[in-house]
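# Examination of the molecular architecture
One-letter residues, chain by chain:
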Amino acid sequence: MSLTSDSAPVVQMRGITIEFPGVRALDGVDLTLRPGEVHALMGENGAGKSTMIKALTGVYKIDAGEIRVADEPHQFHSTAEAQEAGISTVYQEVNLCSNLSVAENVMLGHEVRFGPFINWPATRRKAKEYLARLNLDIDPSSQLGTHSIAVQQLCSIARAMVVDARVLILDEPTSSLDKAEVAELFAVVRQLRDSGVAILFVSHFLEQVYEISDRMTILRNGRFVGEYLTAELPRIELISKMLGRAGDELAAIEAGAQRVAHDERQGTPLLSAVKLGREGSIEPVDLEVYEGEIVGFAGLLGSGRTELARLLYGADRADSGELTLFGENVKSAAPLSSLKGGLAYSTEDRKREGIIADLTVRENIALAIQASRGIWRRVPAKELDEVVDHYIEALNIQPPNPNMLIKNLSGGNQQKVLLARWLATSPRLIILDEPTRGIDIGAKAEIQRLVVELASQGMGVVFISSELEEVLRLSHRLVVLRDREKVGELTNGPDVTSSTVLETIAASGSDAA
Amino acid sequence: MTGTVQVPTWVSRVTKHHLFWPVVALVALWIACGIVSPGFLDVKIVDGHLFGQLVDITRNSVTFLLLALGMCLVIATGGIDLSVGAVMAISLSVALTYIDNSGTGEQAGTALIAIALALAVAALVGAFNGFLVSGLGIQPFIATMIILVAGRGIALAFTGGQITTTHSAPFKSIGSGFVLGIPTPVVIGAVVFAAVAFSVRKTALGMLVESIGINRTASHMAGVRSRNITWLVYVICGLLAGLAGLVYGAPTMAADANNIGQLMELNAIMAVVIGGTKLDGGKFSLAGTIVGALILTTLDRAVIIFHLPSESKDLFKAIVVIAICIAGSERLRESVGLRRVPRLPEPPASRKSVEVAA
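Looking at an unreviewed UniProt entry, one finds chain B named Sugar ABC transporter permease and attributed to Cellulomonas persica. UniProt lists a comment for chain B under the heading Subcellular location (unreviewed entry), and it reads "Cell membrane".

For chain A, an unreviewed UniProt entry supplies the name ABC transporter ATP-binding protein and the organism Cellulomonas persica.

Here it is as structure tokens:
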């Protein structure tokens, strides 16, 4: 990785334009990456960040514009060509083969060879070296799928490093990492930067962008807004440039989702769990959720938030305890019976457990209502149109075309379609697992406001998020989890802050010790 | 079904339809046959019945169509059913053995009971396949291979190891009779197609089958009864395969358990694929199966009309099928510029990761 120390740009993209049927996804966008610099690509969902990355990595053909790598004009027709030019990518969602071993994933295509054969011991050793650079001490011959998403994410970064990249693209690399892991990742990023790699960093976490980036390019609606030095651009200005709105307007949105600090517990609970648990998944938990109440699950990644949610919904079978839903004892919970009863669960894994990629937005919204009515009672087209139109408008789904395949929507809009799917079943209680992950500020505020609104209409909400601030802002009550165990419950109020929650987590740690 | 984007003219709308190339191939084959063999395209009415080569082809295509309809649904759920050829043999053996033993083969009632019995056994075999696939979670290829291998043994057990031949005019008529001048198999094919199309597209079955085929986990989380639906689809496939066996075997009235339905599973898969349904599951086209079935039958007839030597007739069929598949290839059309709209953004599908990794 020896590069000349003068900071001549390694990548220059000029006037990049890409058109999709009916949409101009990118319109004359510029991007310059310099060696030894972390460059942040900023913009809302659908601003064209992912498209820009895919143009650079050869996934999309550009309709106009020019890409120069090390001052040589390039036209990439495949990701392989881009990789040969030294451009390597770690995608937003983990893009590895979960049924192969860690070593196979990290070294795929770069195995240590012995003639026509692969020298597996050496390959595994090499994989271990790369993993060690990320402070990841796992067995390279273990199957990738058995590790947490965070570890898988680090493996895909290790994989990008194997290719000796001159340019490393990190597309939302931290969205499934906890704080300590983010710090470790950033240490690696800085190490790579100092060795002369140009890094393109995309993240929705502004804190992280300010922490790691040297320079940023802002996009809005597929257009180039400008390139700025991070140190010279105040946060509020960045946000208003991304959204194209004034700062005070944003403050108003935030205020809309203000925290409501009063106890909502009245009447019989919508849901009550007594010693509900599952071996190896979550220790027995007591829990109650009342009408009009927002209950936040707080805890670090892997604390058992999702595991608990899956038990409540019946995605996994509980092997101990009792669950009462809407006053009725549930013998064996299953997604269908939960839905019919009025409990919906929006999963954290949008791609694998959420969207039906090749169906339209309309069909994706219809799926849960249709499933709860059964095969033979088809939802009448007129009724469905009304539901679909209502939610496209109410949730501001972009583009507002019900016949578009959901896979062609941006991540945030896919999330909104999924919310529409669950809300269309008119649930009395909804579990939202990471509904705002990987979503831009505008959409995030919209979803937060929606959650508050739903609760004020009497719906019970279980809100799960890795962002403690967000959980604190929205929830009436907090269930604190740690190491797959409920360790406390807090009624939200002015005196409850993120440090209170962290203390609860930490205190239970010392108890256990 | 298509029409997600605006298309400039009706011409491109037609050429972009997924059935455009298969239909072109079918019509081209018919025209070629008509040129080589004048009178091929004639349809005459003799004694109040439709006669002609095209009528024959349509009649013979019904076996493929019945198999392909069931196969199409199974493939849409992301599965495959290799047992359909063996199910044909089982169903025909059951029907003819019953007729043979009853001694009252010429009565319509006997024939009806024979048909009902045969279809019940076929549906049972389908239910067995469905149980292996959705109940026990065995891979469809392996699960249905059990009947592919063992099914003919079951059929032989029914016939006592012989080729059962018997007589029953009412039963024979389902293969060689006429209804209002139209061959009975064609009527059966049309009725079954309408029934399947109706129950798939007018209920939610079609959409739910597609959603299971595209993303089983997500469908389950959305409350879709993916196991039951998968099971149901295998039962339908078995039932239709049983019916195909009866329609196919009725004209000869001979239950040759070793040979009836040989390689039919592959023909059925071929008809589905020619009809524009992808083997990886998800979106499917029932109308496409009609075209696929007609093409396969026409090919069989064309090799005779063209007087192709028997050693090269399989080669000829292969060339035509390959040509249709190539013509329908998205990538090819893209590279020769037949597609007028720029390519759609591709999903970050799992397959992509292989490319990225490579």
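## A closer look at the overall build of chain A
Helix and strand content of chain A: 18 helices and 22 strands. A compact globule built from 513 residues would reach a C-alpha radius of gyration of about 24 Å, and chain A, at 24 Å, matches this within 12%. Here chain A holds 513 residues, and the buried ones make up 50% of them. Long-range contacts, defined here as pairs at least 24 residues apart, represent 70% of the contacts in chain A between residues at least 6 apart.

## Looking at the overall build of chain B
On a plain count of helices and strands, chain B comes out with 16 helices and six strands. Here chain B has a C-alpha radius of gyration of 21 Å; the compact-globule value for 358 residues is 21 Å, and the two agree. For chain B, the spread of C-alpha atoms along the three principal axes comes to 65 × 55 × 40 Å. Contacts in chain B between residues at least 24 apart in sequence constitute 77% of all its contacts with a sequence separation of at least 6.

## Digging into the sheet that holds strand β22 (residues 486-491) of chain A
Residues and elements named next belong to chain A. Taken in spatial order, the six strands of this open sheet run β18-β19-β20-β15-β21-β22, and their pairing is mixed. Unpaired on one side and paired on the other, β18 (343-346) and β22 mark the two borders of the sheet. Averaged over all neighbouring strand pairs, the angle between strand axes comes to 15 degrees, with direction disregarded. This element, helix α16 (residues 441-456), spans β15 (294-298), β19 (429-433) and β20 (460-464) of the sheet and lies at about 155 degrees to β20.

## With respect to the sheet that holds strand β16 (residues 320-325) of chain A
Residues and elements named next belong to chain A. The antiparallel open sheet is built from four strands, whose spatial order is β14-β13-β16-β17. Every other strand in the sheet has two partners, leaving β14 (282-289) and β17 (328-330) as the edge strands with one partner each. Adjacent strand axes in the sheet meet at a mean angle of 20 degrees when their direction is disregarded. With five bridges connecting them, strand β13 (residues 271-278) and β14 associate as antiparallel partners.

## So, the packing of helix α4 (residues 84-102) of chain B against helix α5 (residues 108-135) of chain B
All names here are of chain B. The geometry of α4 relative to α5 is characterised by a closest axis approach of 8 Å and an angle of 150 degrees between their N-to-C directions. In terms of their interaxial angle, α4 and α5 are classed as roughly antiparallel. When the axes of α4 and α5 are compared, the crossing they make is right-handed. Residue-level contacts link Val87, Ile90, Ser91, Val94, Ala95, Tyr98, Ile99 and Ser102 of α4 to Thr110, Ala111, Ile113, Ala114, Ile115, Leu117, Ala118, Leu119, Val121, Ala122 and Val125 of α5.

## As for the nonpolar core
Residues and elements named next belong to chain B. Formed by 183 residues in total, the largest nonpolar core has its most connected members in Leu67, Ala68, Met71, Ala95 and Leu240. Here this core gets 16 residues from one element, more than from any other, and that element is helix α11 (residues 226-249). Contacts of Ala68, omitting those with residues within four sequence positions, involve Ala268, Ala271, Val272, Thr289, Gly292 and Ala293.

## Some points on the UniProt feature "transmembrane region" (unreviewed entry) in chain B
Residues and elements named next belong to chain B. According to UniProt, the feature "transmembrane region" (unreviewed entry) maps to residues 20-41, 62-90, 110-133, 140-158, 178-198, 229-248 and 284-309 in the numbering used here. Counting secondary structure, residues 229-248 comes out at 100% helix and 0% strand; the distance between its end C-alpha atoms is 28 Å. Taken end to end, residues 284-309 comprises 77% helix and 0% strand; its first and last C-alpha atoms sit 36 Å apart.

## Points about unusual backbone geometry
Following A:Gln398, the chain continues into A:Pro399 via a peptide bond in cis, with omega recorded as -10 degrees. Residue placement: A:Pro399 occurs in the loop between α14 (381-394) and α15 (411-423). The phi torsion at A:Phe326 lies on the positive side, around 50 degrees, for a residue other than glycine. You can see A:Phe326 is positioned in the loop between β16 and β17. Here A:Phe326 falls in the partly exposed class, since 15 other C-beta atoms lie within 10 Å of it. Non-glycine residue B:Leu180 carries a positive phi angle of around 55 degrees. Within the secondary structure, B:Leu180 is located in the loop between β4 (178-179) and β5 (182-183).

## Observations regarding the environment of A:Gly86
With respect to the helices and strands, the residue A:Gly86 is situated in the loop between α2 (79-84) and β6 (87-90). You can call A:Gly86 partly exposed: it has 19 C-beta atoms within 10 Å.

## Points about the packing of α5(B) against α11(B)
All names here are of chain B. Close contact between α5 and α11 brings their axes to 7 Å; oriented N to C, the two are set at 145 degrees. Judged by the twist between their axes, the crossing of α5 over α11 is right-handed. Counted by class, the contact of α5 with α11 contains 18 nonpolar, seven polar and one charged residues.

## Here we look at the pairing of strand β4 (residues 64-69) of chain A
Residue and element names in this part refer to chain A. In this structure, strand β1 (residues 11-20) lies alongside β4, joined through five bridges in antiparallel fashion. Bridge pairing links Arg14 to Glu66 in β4. Two strands pair when backbone bridges link them, and β4 and strand β5 (residues 72-74) are joined in this way by three bridges, in the antiparallel orientation. Residue pairing across strands places Arg68 opposite Pro73, the latter belonging to β5.

The rules behind each value
Residues numbered from 1 in each chain as written. Chains lettered and ligands numbered in written order. Predicted model: local features only at pLDDT ≥ 70, side-chain atom pairs only at ≥ 80, totals over all residues. UniProt positions renumbered as here; feature names shortened; annotations may be inferred. Helix = DSSP H or I, 4+ residues; strand = E, 2+ residues; numbered from the N terminus. Rg over C-alpha atoms; globule rule 2.2 N^0.38 Å. Buried ≥ 20, exposed ≤ 12 C-beta atoms within 10 Å, placed from the backbone. Contact = placed C-beta atoms within 7 Å. Pairing = 2+ DSSP bridges. Axes fitted to C-alpha atoms, helices over the stretch in contact; angles between N-to-C directions. Parallel < 35°, antiparallel > 145°, perpendicular 65-115°, else oblique. Left-handed = near helix turned anticlockwise from the far one by under 90°. Core = buried A, V, L, I, M, F, W, Y, C linked by C-beta atoms within 7 Å. Nonpolar A, V, L, I, M, F, W, Y, C, P; charged D, E, K, R; others polar.

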